[in-house]
Amino acid sequence: MSQHFPILIVLLPLSAALLSPFFSYFHRQAGKWVSVAALAGAFLCAVGLLLQTLQGGGQAIHYWFGNWEPPLGIEFVVDPLNGFIVAMITFVALFTAIYSTPFLKKSNWLYMGGYYTLMSLLCVGLSGMTLTGDVFNLYVYLEIASLSGYGLIALGGNRGTLAAFRYLLIGTIAASLYLLGVGFMYAKTGSLNMADLGVLLQAQMDSPLILMTVALLIAALGIKAALFPFHGWQPDSYTFSHPGAAPLIAGAMAKVPMYAMLRFFFYIFGAQHLFVQHGLFIVGVLGALGIILGSVMAIAQDDFRRMLAYSSVAQIGYIAVGLAVGNLYGLIGAVLHIINHAVMKSSLFMVIGGIQYRFGEFRISQLGQICKKMPLTVTVLVIAALGMIGIPPTNGFFGKWYIMLGAVQSEMYVYVAVLVISTLLNAIYFFRVMENVFVNPPANLKEINPVGKFELPLQMLIPIVIFGVAILALGVYNGVLVNEIVKLGLPEVFLR
Amino acid sequence: MSNPGTLDLINNFLATKGIYSLVLILLFLGLYGMIVSKNYMKKMMAMNVMQVAVIFFFLCFAQKEGGMIPILNGITTDPNLYINPLPHALMLTAIVVSLGTTGVAIALLMRIKETYGSVEEDDILRRADKE
């Protein structure tokens, strides 16, 4: 049983996705419970898998499909790094699925079943992208994640449909460019397996074809991750997506392409090659520009969700800068920030989704003294905001700290300056929110959805609180996480 | 074209890289259409042209001069005489994905047309801003 954990992470939500509408037809709630149970199973498998890799001393676990030996067959490769990230993805997916139930209270069986189909499929796509050891397989999972993502964004209403269509056009360009890059690598080596490519490409790294491949991968994965200047689709998509699904879309969907970029540049190509260094330099410059411009744009927004979307552009920039720094600390920072930002951004979207559910309000200027009406939610909002700014002991601080350490070690002081400036800008836009929430005169808010004894339905409140605790826990235990998990997964060159 | 050297050069280029330059032109035609066109339906068709260009690219480098289709026919088992079947198999997947993408795009487009009464970007954005 336990040797099948890698496939179960993908298989359980996939089966649930196909069964969910069927069960919903017979009982409106049944499809939901099938999906939630499958996502819970996937989360447990992911945690079990992570523990297995840690017990093996960080040795990668290989899972061969149909027992076909790679490079001919497709394999899943799990090391502590992607085991950790897939545990995070399934964690976010599970609690987002629970969290979104109150939004679907009045919908019919088809909407209910379809919603959970898309939710489970998105989790399948993201986990598959993280686990796979085959570059073409990654493309297939990328498209699964994208197509279900388009669906979830389109469920958000009229503007959501428009945003989804525009994202679809741009996202398809990204997928095609990625496929073209895969074609170049395949034409050069005749292999699609990541480990095999890593060996075969080393002799040919100064071929111009590799330069093209690096450029195509930066464009393709950059579009998917909403790296500046490829972020045009992202603010609308995050803002108008289904409020129940927004935590998963905003939290996990854009992080996985950054992980794929890390996998390509540091594991397959190797960062010591000239073309890859050029590529990483460009990624770093784009990331630094994105940090500044994303933060400035976030200050200008009144819609809370749109502010969070622009702040995501900045946060993806941190990960990009971490990759560009490219030493041990930089990579630790990038990986930590992938995890941390997913948890922080999900909890912020859960908070605003909760406020939207109860009061139908998402403009920052209309949130005056909401702290008296929703004390727990606002507590989590404050914790997450402090995390985004980067104040210890929240987890956001440590990702930034490692990136800064790396930048100082590599003497890239521009990045240090950018990170400091961006912390100030982050503080400006989150303190503006806090001013409205705590200080400004009470806003005139009408309850559109009556809630029971608590400030929100329990299905929403519990995930929000768990994410608030997770932000603090990831920060407090970050030393353990770095030493016991992240360091084991990094390429061996860095650990000498 | 009186110079035989030039003719050879062109012949040589067309024989070795001609098909790839055509694929490249097709790819950029698709991208150009997506950027320039204001009509969402046309944008989607340009997207399909771009996807087809990538599929052509894979099929082109799978070709081999004198290669035959990869079917075990009892004449030979020498892999050098067969063309590479793997890119074709990959592209079957890519075609299915492209079909799925087109299906989702058309479904979204129908919903947009229902809501905004148009598939022209300018009209839609004007109406969307009014909301």
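Up top is the structure.
All values derive from a computational prediction rather than experimental measurement. (Residues numbered from 1 in each chain as written. Chains lettered and ligands numbered in written order. Predicted model: local features only at pLDDT ≥ 70, side-chain atom pairs only at ≥ 80, totals over all residues.)

### As for the overall build of chain A
Stage number 1. For chain A, the helix and strand inventory stands at 19 helices and 2 strands.
Stage number 2. Computed over the C-alpha atoms, the radius of gyration of chain A is 21 Å, within 12% of the 23 Å expected from 2.2 N^0.38 for a compact globule of 496 residues.
Stage number 3. Put simply, chain A has 496 residues, and 61% of those count as buried.
Stage number 4. Sequence-distant contacts in chain A: of pairs separated by 6 or more residues, those separated by 24 or more amount to 79%. (Helix = DSSP H or I, 4+ residues; strand = E, 2+ residues; numbered from the N terminus. Rg over C-alpha atoms; globule rule 2.2 N^0.38 Å. Buried ≥ 20, exposed ≤ 12 C-beta atoms within 10 Å, placed from the backbone. Contact = placed C-beta atoms within 7 Å.)

### Details of the overall build of chain B
Stage number 1. Helix and strand counts for chain B come out as 5 helices and 0 strands.
Stage number 2. Element order for chain B, N to C, with α for helix and β for strand: α-α-α-α-α.
Stage number 3. Along the first, second and third principal axes, the C-alpha set of chain B runs to 65 × 50 × 15 Å.
Stage number 4. Taken over 131 residues, chain B has a buried fraction of 22%.

### Things to note about the packing of helix H14 (residues 328-359) of chain A against helix H18 (residues 458-476) of chain A
All names here are of chain A.
Stage number 1. The N-to-C vectors of H14 and H18 enclose an angle of 150 degrees; their axes lie 9 Å apart at closest approach. Classed by the angle they form, the pair H14 and H18 counts as roughly antiparallel. Of the two possible hands of crossing, H14 and H18 adopt the one that is left-handed. Along its contact with H14, which presents Ile 339, Asn 340, Val 343, Met 344, Ser 346, Ser 347, Met 350, Val 351, Gly 354 and Tyr 357, the element H18 presents Met 460, Pro 463, Ile 464, Phe 467, Gly 468, Ala 470, Ile 471 and Leu 474.
Stage number 2. Tallied by class, residues from the contact of H14 with H18 come to 13 nonpolar, 5 polar and no charged. (Axes fitted to C-alpha atoms, helices over the stretch in contact; angles between N-to-C directions. Parallel < 35°, antiparallel > 145°, perpendicular 65-115°, else oblique. Left-handed = near helix turned anticlockwise from the far one by under 90°. Nonpolar A, V, L, I, M, F, W, Y, C, P; charged D, E, K, R; others polar.)

### Comments concerning the nonpolar core
All names here are of chain A.
Stage number 1. Membership of the largest hydrophobic core comes to 221 residues, with the highest contact counts inside it found for Tyr 178, Leu 323 and Ile 339.
Stage number 2. In terms of residues, this core owes the most to one element, H14, which gives 18 residues.
Stage number 3. Beyond its immediate chain neighbours, meaning those up to four positions away, Ile 339 contacts Phe 84, Ile 85, Met 88 and Leu 474. (Core = buried A, V, L, I, M, F, W, Y, C linked by C-beta atoms within 7 Å.)

### Digging into the interface of chain B and chain A
Stage number 1. Contacts between the two partners involve 25 residues from chain B, matched on the other side by 21 residues from chain A.
Stage number 2. Where the side of chain B that touches chain A is concerned, the elements lending two or more residues are helix H3 (40-62), helix H4 (86-116) and helix H5 (121-130) of chain B.
Stage number 3. Here the side of chain B that touches chain A is composed, by residue class, of 18 nonpolar, 5 polar and 2 charged.

### A look at helix H2 (residues 18-36) of chain B
Note: α-helices contain 3.6 residues per turn, so residues at a spacing of three or four share the same orientation.
Stage number 1. Helix length check: H2(B) (19 residues) gives 27 Å between terminal C-alpha atoms against 27 Å at 1.5 Å per residue, within 8%.
Stage number 2. Where H2(B) is buried, its residues contact helix H6 (158-189) of chain A together with H3 of chain B. (Expected span 1.5 Å × (residues − 1).)

### What about the packing of helix H3 (residues 80-99) of chain A against helix H19 (residues 478-489) of chain A?
Relative orientation and spacing of two packed helices are given, respectively, by the angle between their axes and the distance between those axes.
All names here are of chain A.
Stage number 1. Following both chains from N to C, one finds H3 and H19 inclined at 115 degrees, their axes separated by 6 Å at the closest point. Along the contact surface, H3 presents Pro 80, Leu 81 and Phe 84, while H19 presents Ile 485, Val 486, Leu 488 and Gly 489.
Stage number 2. Class assignment of the residues belonging to the contact of H3 with H19 gives a composition of 6 nonpolar, 1 polar and no charged.

### Regarding helix H5 (residues 135-154) of chain A
Stage number 1. Look at H5(A): 29 Å from first C-alpha to last across 20 residues, which is about the 28 Å you get at 1.5 Å a residue.
Stage number 2. Counting buried positions along H5(A) gives 20 out of 20 residues, so the element sits mostly inside the fold.

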